Amino acid sequence: MIRNRIAAIAATTAAAAMLLTACNGADNAASAAKEGAGLALQSLNFNSGTAKQNNAAPGTGDWATSPGKPASKPVAKKWVQLSASQAGDLNPVVVNGGGFTLYRFDKDTADPSKSNCSGECATTWPPVLVAPGGKIFIDGVNKSDVGVVKRDDGNLQVTVGGWPVYRFSKDLKPGDTNGQGVGGTWFGVTPDGQKAGAAAEQPEQGDGNSAAPATSVTLSDEINFGDPSEGLAGAGCQNVGRDDAASSLQASGSLKIWSEKDCKGESKVVQGNIADLATVGFDDTISSVFFG
């Protein structure tokens, strides 16, 4: 009996050590990636104003893809331009030096910055790449909101508000916004990294809804508001007690639900009572909520 207990304790200790090592390895990898992106950002040159105002050479940078031609295989440019502008019904939205709309992808992450669009996705949605030591012209966009993230292929992709940004291959002329809302995950990006356009944040409607923001919510583990349940109230971001357990919710107004703690990851604005969170793609997914 004693020998079995000793063996069990040793096994548990070993498993804990392995878990700690794995966690430390993941943390170290994330820190290294963030440090690498920071060094890459330091190598870039930021210039206020447009490329034209800074006398950029014709046929270079964002001008290398002529208006009227679709976005092609992504190539790191010697310079890129980020301008706060209007495109179609999107105002404000960030456009590049050629006037083409730039987009963000809900399946990416902003903190830490990470692109999850590669292969065929990156052909349809070419990432905005800048060469090491290149220039970023900022026009109506705060420098503090601009960054880069190293992609899996080693290229540096520009970020706005932490979100990696892309062009859309089916935007054929400046001002096109054909990528807006595609798949429910692609949206024009605002100068601070948010989703452009009112349609991007329209709440999913439930029963008994109100236009006012909710100040509390009840999350139920079962559909149709069954027990067990958990209540949350307050202001700003609130983490749930039972992670990824809710299948329905009750609220007297609108709130934003998030797939990760601290209001990170994927999100959706909902309003009123949602009897089955699977209908909005969030069954057993809520980790935090945002009031306000």
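It should be emphasised that the depicted structure is a prediction, and the values quoted were computed from it without experimental measurement. (Residues numbered from 1 in each chain as written. Predicted model: local features only at pLDDT ≥ 70, side-chain atom pairs only at ≥ 80, totals over all residues. Heavy atoms only, no water.)

When helices and strands are counted, the protein shows two helices and 19 strands. Out of the 292 residues in the protein, the part that is buried amounts to 41%. Of the contacts formed within the protein by residues at least 6 apart in sequence, a portion of 70% connects residues at least 24 apart. Here the protein has roughly 14700 Å² of accessible surface; of this, 52% comes from carbon and sulfur atoms. (Helix = DSSP H or I, 4+ residues; strand = E, 2+ residues; numbered from the N terminus. Buried < 20%, exposed > 50% of the residue type's maximum accessible area, 1.4 Å probe, protein only. Contact = heavy atoms within 4.5 Å. Areas by Shrake-Rupley, 256 points an atom, 1.4 Å probe, with all protein chains shown as cover.)

Pairing is antiparallel in the open sheet, where three strands are placed in the order E14-E13-E16. For this open sheet the edge positions go to strand E14 (229-233) and strand E16 (248-251), each flanked by a neighbour on one side alone. Put simply, the sheet's adjacent strands are angled 20° from each other on average, direction ignored. Relative to E16, strand E13 (residues 216-220) is paired through four bridges, and the arrangement is antiparallel. Bridging across to E16, Thr218 finds its partner in Gln250. (Pairing = 2+ DSSP bridges. Axes fitted to C-alpha atoms, helices over the stretch in contact; angles between N-to-C directions.)

In this section: the side chain of Thr190. Here Thr190 lies in the loop between strand E11 (186-188) and strand E12 (204-205). The class of Thr190 is buried, set by a relative accessible area of 8%. A distance of 2.8 Å separates a polar side-chain atom of Thr190 from the backbone nitrogen of Gln194. If near-sequence neighbours (up to four positions away) are discounted, Thr190 is found in contact with Pro92, Val93, Val94, Val160, Lys195 and Ala196. (Polar contact = N/O pair within 3.5 Å; in protein donor to acceptor, adjacent residues only side chain to side chain.)

As a further point, take the pairing of strand E17 (residues 254-260). In terms of residue burial, E17 counts as a mostly covered element, since six of its seven residues are buried. One ladder, built from six bridges, connects E17 with strand E18 (residues 264-271); its direction is antiparallel. What sits directly across from Glu260, in E18, is Lys264. In textbook terms, the turn of a hairpin is the stretch between consecutive antiparallel strands, and for E17 and E18 this stretch comprises three residues, one of which, Asp262, has a positive phi near 60°. Bridge count for E17 against strand E19 (residues 288-291) is three bridges, and the pairing is antiparallel. Bridged to Trp258 within E19 is Ser288.

One can find Ser83 in strand E2 (residues 77-87). With a relative accessible area of 5%, Ser83 lands in the buried category. Along the chain, Ser83 and Asn96 lie 13 residues apart, while their C-alpha atoms are 6.2 Å from each other. In contact with Ser83, other than residues within four places in its own chain, are Thr50, Val93, Val94, Val95, Asp139 and Val141. A distance of 2.7 Å separates a polar atom in the side chain of Ser83 from a polar atom in the side chain of Gln81.

So, on to the state of the cysteines. Considering all chains together, one arrives at two disulfides under this definition. The disulfide partner of Cys117 is Cys121, and the gap between their sulfur atoms is 2.0 Å. With the S-S bond torsion at -110°, the cross-link from Cys117 to Cys121 turns out left-handed. Cys117 sits in the buried class, given a relative accessible area of 1%. Along the protein, the cysteines that take part in disulfide bonds pair up as 1-2, 3-4, counted in sequence order. (Disulfide = S-S within 2.5 Å.)

Keep in mind that these numbers describe shape and distance, not what the molecule does.
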